[in-house]
Structures are given as structure tokens and as C-alpha cells.
Amino acid sequence: MDYHKEDSIIFLDGKFVSAKEASANLFSQTVHYGYGAFEGIRSYYTINGTKIFKPYEHFGRLINSCRLLNIPFDYSLEELTQISYQILEKNNLTHAYIRPLVMAGENMTLSTPQESSLMICAWEWDKYFNHREVAVCISSYQRPNPKSTKLEAKTCGHYVNSILASNEAHQRGFDEAIMLDANGFVAEGPGANFFYEKDGVLYTPPAANILPGITRQTVLEICREIEIPVKEKLFRPEELFEADNAFFCGTATEITAIDSIEGQKLNRPWKGSLCSIVQEAFKNMVLEKSHAYVIV
Ligand code: PMP
């Protein structure tokens, strides 16, 4: 993956600068303690031109993450969205991944940051749907205890936990991990939310011990709109072995079918499943095609 090229332009603290020449403060709490906030956002080349998917939702979460961490940050949703479109234009990008990062200023103590720095970059990300079905394991790493952090904030430090879980899954020969919460209920993937299908109903963990994803919210909206029954509930990993189908969803992940859990195949084919209908509807939505479906 090329995150930047010779001539890539990024936004840094009010200016558009060359990615090659941009620098960050090595004395920041973000570098040393992971005390920063970021977002992952996608743009797609749609039938209406290049469109950022749900920018206000993503930048709203970024603003909220900063608020929860007491990081000073005063950009508006409109400004952040406009800067992102400018970044896409300046770098000739259509299908892209946009990465805003708010770094705390120079401060090596554990006190509240007094200043922050905003970087927004973007890189090309292949068009929708090159996903293959993934083999997942149940991670030995739990998601962070919600009493030990602000779990609903997308903070840099949380991703130590995610990287450990992903690496463990890869070392065990799996594509990805499903992580449990501190009480042993299924929570989410290291960088995506989780749904499973059983007897015509979709299930997903409630927005308590997970990062409540914007894609997850979109899936819930799609289900409501096309009348697919969906329930938010806590469930144990054992229940997953009874599932008909399952998927991860997230900005980068989009909707990725799960093929097996701990080596056991899901019970029904993906094709024709409710999960596959949601996947297709999501694809049409991000590409701004009609996503109306009639279920017969
Ligand atoms: N959970 C975690 C831990 C994540 O990192 C992500 C990716 N941001 C998600 C869920 C999915 O969130 P979204 O749909 O907003 O990308």
C-alpha cells in the first residue's frame, strides 16, 4: 500500500503541504502515550461524482473523541469536510481512504493537552468489493474494559489492543480475530463490528462495549429500510457455531463475509443470505445507486 507518493499533498494545521516535507512533534503525548484521536473515512467514485461517505458522521465522531479526551479541537464539520474534498482534489483521488489525525501538542507529562495539531491525508483505496470470505478465530485478547477508557472514542492508544489481536490471529493462521468484551460476550473485530444471521434474523452486540461504528449504524438503517429483522443483544462465542452466516463491517472492511470461525464453516451459503442482501444494499448505498430491495 502506498500511503503517499513523491508529490502527495496533506493538510497540516491550516496549510496544504507536501507529505514528504511534513513533520510531527516528537515530544507529543500522542507519540509517547497514544493520546490522540483519528478517523478512517472512505470516498467513492459514484454516479454523482466523487463522494465522501457520511463525512459528518465521521467528523462528528472525531470531534466527540477529542471532547472525551479533553484535546482542544475547534474545527467545524463543514471545515473538515471541505478540507477533505480539497485533499482528494489536490491528489487526484476518487476511490480513497481519508485519514484525519488529531495529535496532542508538545507535552510529556500526563496532564490535559493545551494544544493540538490536525493532519488529514488520503491515499488511493481500491474500489468496492475485492473482499474474499475470511477465516476468523476467537481472540485471546479482550477489548479494553469500558471502565478503563473512553471506548466510544476512536483513540490511537486503543489500537495496541487491535494490533495484538490481529497479529495473534495471523500467527494462528487465521485472517482475522473476533474479540470478546471484559465479560466474555462477543464484542467486535480489531477494526470492525460484527453481525451474525440465524433463522432469518441478524444479531449484533449492543453499542456498549464496542466502538459503535458508522458502518454498523448504516447496516441497522439498511435493515430497517428493507425490513430485515435485526436485534442488538449480548451473546457468547459458543452461539456463533450455530450461526447461518456472519460478517464484519467497517469503513475499511466494508461488509466482509466470514467463511469460518475457529475452523468451523458457517452453516449456510453466503449467496442468497440476508447478509449478502445487506452487503449488496451497502455497496449500492456508498456508490449512490438505489438500494431499494423487495424481499420475496
Ligand atoms: N470497531 C473498531 C475497533 C474499529 O476500529 C472500527 C473502524 N473504525 C469499527 C469498529 C468500525 O467503525 P466504522 O464503521 O465507523 O469504520
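Residues numbered from 1 in each chain as written. Predicted model: local features only at pLDDT ≥ 70, side-chain atom pairs only at ≥ 80, totals over all residues. Heavy atoms only, no water.

### Considerations on the packing of aromatic side chains
Phase 1: Inspection of every chain in the model, using the stated rule, returns 14 aromatic pairs.
Phase 2: An angle of 40 degrees between the planes, with centres 5.3 Å apart, marks the rings of F73 and Y75 as tilted.
Phase 3: Classification of F73 as buried rests on a relative accessible area of 16%.
Phase 4: We classify Y75 as partly exposed; its relative accessible area is 21%.
Phase 5: Pairing F194 with F235 gives two aromatic rings, centres 6.3 Å apart and planes at 45 degrees, and the pair type is tilted. Pair noted here: F194 is in strand β11 (residues 193-198) and F235 is in the loop between β13 (230-232) and β14 (245-250), with a separation of 41 residues, a long-range link. A single burial state applies to F194 and to F235, both of which are buried.
Phase 6: Here a set of aromatic residues connected by ring pairs shows up, and it is made of F194, Y196, Y203, F235 and F248.
Phase 7: Over the aromatic face of Y203 sits the side chain of K233, whose NZ or CZ is 4.8 Å from the ring centroid. (Phe/Tyr/Trp six-rings, centres within 6.5 Å; stacked < 30°, edge-to-face > 60°. Buried < 20%, exposed > 50% of the residue type's maximum accessible area, 1.4 Å probe, protein only. Helix = DSSP H or I, 4+ residues; strand = E, 2+ residues; numbered from the N terminus. Lys NZ or Arg CZ within 6 Å of the ring centre and 35° of its normal.)

### Quick notes on the domain arrangement of the protein
Phase 1: One can read the domain layout of the protein as domain 1 (9-124) and domain 2 (134-286).
Phase 2: Taken over C-alpha atoms, the centre of domain 1 sits 26 Å from the centre of domain 2.
Phase 3: Counting residues at the interface gives 21 residues for domain 1, matched by 20 residues for domain 2.
Phase 4: Interface area, domain 1 with domain 2, both sides summed: about 1,800 Å², of which 66% is carbon and sulfur.
Phase 5: The tally of links between domain 1 and domain 2 comes to two salt bridges. (Domains from an automatic or database assignment. Contact = heavy atoms within 4.5 Å. Buried area = accessible area lost by both parts, 1.4 Å probe. Salt bridge = Lys/Arg side-chain N within 4 Å of Asp/Glu carboxyl O.)

### Describing unusual backbone geometry
Phase 1: Even without being a glycine, D13 presents a positive backbone phi close to 45 degrees.
Phase 2: Tracing the chain through its elements places D13 in the loop between β1 (9-12) and β2 (15-18).
Phase 3: We note that N92 has phi near 55 degrees; this positive angle belongs to a residue other than glycine.
Phase 4: Structurally, N92 can be placed in the loop between α3 (77-90) and β6 (96-104).

### Concerning the nonpolar core
Phase 1: Counting residues in hydrophobic clusters, the biggest one holds 24 residues, and the most contacted among them are F195, L202, V219, I228, F247, I255 and V278.
Phase 2: Mapped by element, the contributors of at least two residues to this core are α5 (214-225), β14, β15 (254-261) and α6 (274-286).
Phase 3: Looking at which element gives the most residues to this core, the answer is α6, with eight residues.
Phase 4: Beyond its immediate chain neighbours, meaning those up to four positions away, F247 contacts N193, F194, F195, L202, V219, I255, T256, A257, I258, W270, C275 and V278. (Core = buried A, V, L, I, M, F, W, Y, C linked by side-chain atoms within 4.5 Å.)

### Quick notes on empty space enclosed by the protein
Phase 1: By the definition in use, this model includes four cavities of 30 Å³ or more.
Phase 2: Of the volumes computed, that of the largest cavity is approximately 60 Å³.
Phase 3: If you trace the largest cavity, you find it lined by R42, Y44, F53, H58, I214, T215, T251 and F282.
Phase 4: Secondary structure elements with two or more residues in the lining of the largest cavity: β4 (41-46) and α5.
Phase 5: Two domains each provide a minimum of three residues to the lining of the largest cavity, namely domain 1 (9-124) and domain 2 (134-286). (1 Å grid on protein atoms, 1.4 Å probe; cavity = no way out; pocket = protein on both sides within 12 Å on 5 of 7 lines; lining within 4 Å. Points joined across faces, edges and corners; volume = space filled by probe spheres on them.)

### Section: the side chain of Q29
Phase 1: By secondary structure assignment, the location of Q29 is in helix α1 (residues 29-33).
Phase 2: The class for Q29 is buried, based on a relative accessible area of 3%.
Phase 3: Aside from chain neighbours lying at most four places away, what touches Q29 is G34, Y35, A104, G105, N107, T109, L110, S111 and P113.

### Looking at the packing of helix α2 (residues 55-69) against α3
Phase 1: Put simply, α2 and α3 touch, their axes get as near as 9 Å, and they point 120 degrees apart. Judged on the interaxial angle alone, α3 and α2 are oblique. The two elements α2 and α3 meet at a crossing, and its hand is right-handed. Contacts between α2 and α3 involve P55, Y56, F59, G60 and I63 from the first element and L77, E78, L80, T81 and S84 from the second.
Phase 2: When its residues are assigned to classes, the contact of α2 with α3 shows six nonpolar, three polar and one charged. (Axes fitted to C-alpha atoms, helices over the stretch in contact; angles between N-to-C directions. Parallel < 35°, antiparallel > 145°, perpendicular 65-115°, else oblique. Left-handed = near helix turned anticlockwise from the far one by under 90°. Nonpolar A, V, L, I, M, F, W, Y, C, P; charged D, E, K, R; others polar.)

### Looking at the site of the ligand
Phase 1: Near the ligand there are 17 residues, and of these Y159, E188, I214, T215 and T251 occur at the shortest range.
Phase 2: At a separation of 2.4 Å, an oxygen atom of the ligand approaches a polar side-chain atom of Y159.
Phase 3: For the ligand, an oxygen atom lies 2.5 Å from a polar atom in the side chain of T215.
Phase 4: Using a 2 Å cut-off from the grid points, one finds that the ligand occupies the largest pocket.
Phase 5: Of the residues assigned to the shell around the ligand, the class counts are six nonpolar, seven polar and four charged. (Near = heavy atom within 4 Å. Polar contact = N/O pair within 3.5 Å; in protein donor to acceptor, adjacent residues only side chain to side chain. Sits in = over half its atoms within 2 Å of the grid points.)

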